[in-house]
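Report on the structure
Each chain, letter by letter, is given below.
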Amino acid sequence: MQSDDVIWSVINSQFCSYKVKTATQNFCRNEYNVTGFCSRQSCPLANSRYATVREKEGVLYLYVKTIERAHTPAKMWEKIRLSENYSKALEQIDKELIYWPNFIIHKCKQRVTKITQYLIKMRRMKLRQEPKLVGVKKKLERREATRERKALSAAHLERSIEKELIERLKSKAYGDAPLNVNESVWKAILDREKGEKEREVVDEELSMVDDETEGEEEEFEEEMEGEFVSDLSGEEDEDLSDLEDAVVCFHSFFFPLCTDKLQDDGSGDDSEDESENSSEEEDTRPKTLLGKRKAKPPAKAPPRKKVEKARGPKVSVEYEQELESVPISRSELANW
């Protein structure tokens, strides 16, 4: 059994989820409250007999609380539709709440008048042609603007339009003198195209000049590297060789011992030259290591160009050695 006094003592002194406290007065946020104040008479929870008026989609309804259905809160309120006519709606309230307290009847009628007034105002505002206020989403607009800018830059619309217009002008699609077009625009486009072609031609010429200068520099370097030749002619070389042969014959005839020594020295020098050449060839051969893998040859530095100095003709110098005079016998003199 529901006790209104017990419920109000708990709500008033302890806690209520619908109560809103202020410095002047306490308010109630319950949707079934008639007045909107938190008081003993207007509390929908602490009164067994209670009624209110609500509006849904422009239609008024009278809600009456039946305490017999308190065990089922979803079906505890009886909904009665009120007439759109204001006077008939007040008559319905008097008929439905005939034996109810005057406070609830009066507050329900006040609520009906208030709701009908703002419904009439809403209908009038709809008939007026006023600008519709729409919320502006700055972040979304900024994002769309950046996307449009990127799409335009990627499409290169201006360049493509210029190319299309130039092709049409060349093909004389608009005739000799196109209509509704300023001549300065066409001239500017054509001048720009000519300038681009001239730049391409200049670039090609510069590349050709660079190639020619590189070839000339290489030829000049090869000429500067040239060979070094001796100052003596072929006839002079033959005369020197004849003189050398005559000197050798003279020594062999008068000094046979000296010629043998000279031949021995020459053969020794030749053997030494051959041994040096053979040792150099052995050093130049790549060294191999024992095992499966071969050692990589050491990285050689690029050979430097040796500048040969100008050399004169080769001159062989011979030294005469004076030997002790040996007395010649008579037999040798006879055979002379």
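Up top is the structure.
All chains use their own residue numbering, which begins from 1 and follows the written sequence. Local features in this predicted model are restricted to residues of pLDDT 70 or higher, and side-chain atom pairs are both shown and tallied only at a pLDDT of 80 or more, whereas totals for entire chains, interfaces and linings draw on every residue. To get the side-chain values, all heavy atoms of the structure are used, and hydrogens and water are removed first.

**Re the overall build of the protein**
- What counts as a helix is a DSSP run of H or I of at least four residues, what counts as a strand is a run of E of at least two, and both are numbered from the N terminus. Scanning the protein for helices and strands turns up nine helices and five strands.
- The linear arrangement of helices and strands in the protein, starting from the amino end, is α-β-β-β-β-β-α-α-α-α-α-α-α-α.
- Split into buried and exposed, the 336 residues of the protein put 16% on the buried side.
- Should any heavy atoms of two residues lie within 4.5 Å, those residues are counted as being in contact. When contacts within the protein are restricted to residue pairs at least 6 apart in sequence, those whose partners lie at least 24 apart make up 40%. Buried, partly exposed and exposed residues are distinguished by accessible area as a fraction of the type maximum, computed with a 1.4 Å probe on protein chains only: under 20%, between the cut-offs, and over 50%, respectively.

**A look at the packing of helix H2 (residues 86-96) against helix H3 (residues 102-127)**
- Two elements in contact, H2 and H3, have axes whose closest approach is 10 Å; the angle formed by their N-to-C orientations is 160 degrees. By the criterion of interaxial angle, the relationship of H2 to H3 is roughly antiparallel. At the point where H2 passes H3, the crossing takes the right-handed sense. Note on element contacts: H3 touches H2 through Ile-105, Cys-108, Lys-109, Val-112, Thr-113 and Thr-116, opposite Tyr-86, Ala-89, Leu-90, Ile-93 and Asp-94.
- Of the residues assigned to the contact of H2 with H3, the class counts are seven nonpolar, two polar and two charged. Angles run from 0 to 180 degrees between N-to-C directions of axes, and those axes are lines fitted to C-alpha atoms, restricted for helices to the stretch in contact. Should an angle fall under 35 degrees it is taken as roughly parallel, and over 145 as roughly antiparallel, whereas 65 to 115 is taken as roughly perpendicular and any remaining angle as oblique. By definition, turning the near helix anticlockwise from the far helix through less than a right angle yields a left-handed crossing, and turning it clockwise yields a right-handed one. Amino acids outside the nonpolar list (Ala, Val, Leu, Ile, Met, Phe, Trp, Tyr, Cys, Pro) and the charged list (Asp, Glu, Lys, Arg) are all regarded as polar, and Gly is one of them.

**Focus: the environment of Arg-123**
- The residue Arg-123 is located in helix H3 in this model.
- Distance from Arg-123 to Gly-58, taken between C-alpha atoms, is 9.9 Å for residues 65 residues apart in sequence.

**Section: the pattern of salt bridges**
- The salt bridge definition used is simple: a Lys or Arg side-chain nitrogen within 4 Å of an Asp or Glu carboxyl oxygen. Counted according to the given criterion, the structure contains three salt bridges.
- Salt-bridge contacts for Arg-40 lead to Asp-5; the nearest nitrogen and oxygen are separated by 3.1 Å. Separated by 35 residues along the polypeptide, Arg-40 in the loop between strand S2 (26-28) and strand S3 (51-56) and Asp-5 in helix H1 (residues 4-13) bring together distant segments of the chain.
- Taking the relative accessible area as the measure of exposure, Arg-40 reaches 29% and is therefore partly exposed.
- The partner of Asp-94 in a salt bridge is Lys-109, and the shortest N-O contact between them spans 2.6 Å.

**Considering the packing of aromatic side chains**
- Aromatic contacts are taken between Phe, Tyr and Trp rings whose centres are within 6.5 Å, Trp giving its six-membered ring; a plane angle under 30 degrees counts as stacked, one over 60 as edge-to-face, and the others as tilted. Scanning all chains against the criterion turns up four aromatic pairs.
- Here Tyr-32 and Tyr-63 contribute two aromatic rings whose centre-to-centre distance is 5.8 Å and whose plane-to-plane angle is 70 degrees, an arrangement assigned as edge-to-face. Taken as a pair, Tyr-32 in the loop between S2 and S3 and Tyr-63 in strand S4 (residues 59-65) lie far apart in primary sequence, 31 residues in all. Accessibility classification places Tyr-32 together with Tyr-63 in one group, the buried group.
- Among the aromatic side chains, those forming a connected cluster through ring pairs are Tyr-32, Tyr-50, Tyr-63 and Trp-77.
- Criterion for a charge above a ring: Arg CZ or Lys NZ at most 6 Å from the ring centre, at most 35 degrees from the ring normal. Seen from the ring of Trp-100, Arg-49 lies directly overhead, with NZ or CZ sitting 5.0 Å from the centre.
- The ring of Tyr-61 has Lys-79 sitting right over it, with the charged end atom 4.8 Å from the ring centre.

**Section: the environment of Val-112**
- Mapped onto the secondary structure, Val-112 falls in helix H3.
- The spatial distance from the C-alpha of Val-112 to the C-alpha of Leu-82 is 9.5 Å, given a sequence separation of 30 residues.
- Ignoring anything within four residues of it in the chain, the contact list for Val-112 reads Val-53, Leu-60, Leu-82, Tyr-86, Ala-89 and Ile-93.

**Observations regarding a nonpolar patch on the surface**
- A patch is a set of surface residues, each over 30% in relative accessible area and not in a salt bridge, joined within 9 Å for like charges and within 5 Å for the nonpolar side chains Val, Leu, Ile, Met, Phe, Trp and Tyr. Per-residue accessibility takes into account occlusion by the displayed protein chains alone, with areas from the Shrake-Rupley method and a 1.4 Å probe. On the surface, Leu-152, Leu-157 and Ile-161 cluster together into a nonpolar patch covering about 280 Å² of accessible area.
- Take Ile-161: it is sitting in helix H5 (residues 157-170).

**Some points on the side chain of Asn-30**
- Within the secondary structure, Asn-30 is located in the loop between S2 and S3.
- Classification of Asn-30 as buried rests on a relative accessible area of 11%.
- For this analysis, a polar contact is any N or O atom pair within 3.5 Å, provided that within protein one partner can donate a hydrogen and the other can accept it, and provided that sequence-adjacent residues contribute only side-chain to side-chain pairs. A polar atom in the side chain of Asn-30 sits 3.1 Å from the backbone nitrogen of Tyr-32.
- When near neighbours in sequence (up to four residues on either side) are disregarded, Asn-30 contacts Tyr-18, Pro-44 and Leu-45.

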